[in-house]
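Architecture and fold: a report
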Amino acid sequence: MEFFIKQNSELPILKMVVVRDGRTDSWKTFDADLDNATIRFSMKEESTGIPKIVMNDAFITEKKQENADAPKEYYIYYKWTQRDTRRKGRYLGEFSII
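Scope of this entry: the structure provided in the associated data block. (Residues numbered from 1 in each chain as written. Predicted model: local features only at pLDDT ≥ 70, side-chain atom pairs only at ≥ 80, totals over all residues. Heavy atoms only, no water.)

The number of helices and strands found in the chain is 1 helix and 6 strands. The helix and strand sequence of the chain, counted from the amino end, reads β-α-β-β-β-β-β. C-alpha extents for the chain along the principal axes are approximately 45 × 25 × 25 Å. Among the 98 residues that make up the chain, the fraction classed as buried is 21%. In the chain, once contacts between residues fewer than 6 apart in sequence are set aside, the share between residues at least 24 apart is 59%. Of the roughly 7,500 Å² of accessible surface on the chain, a fraction of 49% belongs to carbon and sulfur atoms. (Helix = DSSP H or I, 4+ residues; strand = E, 2+ residues; numbered from the N terminus. Buried < 20%, exposed > 50% of the residue type's maximum accessible area, 1.4 Å probe, protein only. Contact = heavy atoms within 4.5 Å. Areas by Shrake-Rupley, 256 points an atom, 1.4 Å probe, with all protein chains shown as cover.)

With that settled, the discussion passes to the nonpolar core. One broad rule of soluble globular proteins: the nonpolar side chains tend to lie buried together. If you look at the biggest cluster of nonpolar residues, it comprises 14 residues, and the most contacted ones within it are Phe41, Met43, Ile53, Tyr78 and Trp80. Only strand S2 (39-45) and strand S5 (74-78) provide two or more residues apiece to this core. Contacts of methionine 43, omitting those with residues within four sequence positions, involve Pro51, Lys52, Ile53, Trp80, Asp84, Tyr91, Leu92 and Gly93. (Core = buried A, V, L, I, M, F, W, Y, C linked by side-chain atoms within 4.5 Å.)

Taken by themselves, the reported measurements are silent on function.
Laid out in structure tokens, this is it:
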């Protein structure tokens, strides 16, 4: 996904949907594992590979469901600081759930 943010801005928040791809049975315990999980965000400059953000706190929230029988869905998000966005460029970001 490509995402654009204005230089020196703190908005919009970077938000991604957690995808349940079914490749592992760990999804069966995912909801319970979130209680003790630590969410981190890292970002590096695409052209040089130099880290810009290293393991900063990120957060997870449950998506509001309109159908109570639907499986739970989650968003992982990172709130920018002005320091994060002070330099123009193209960056690669990564969320980690530990």
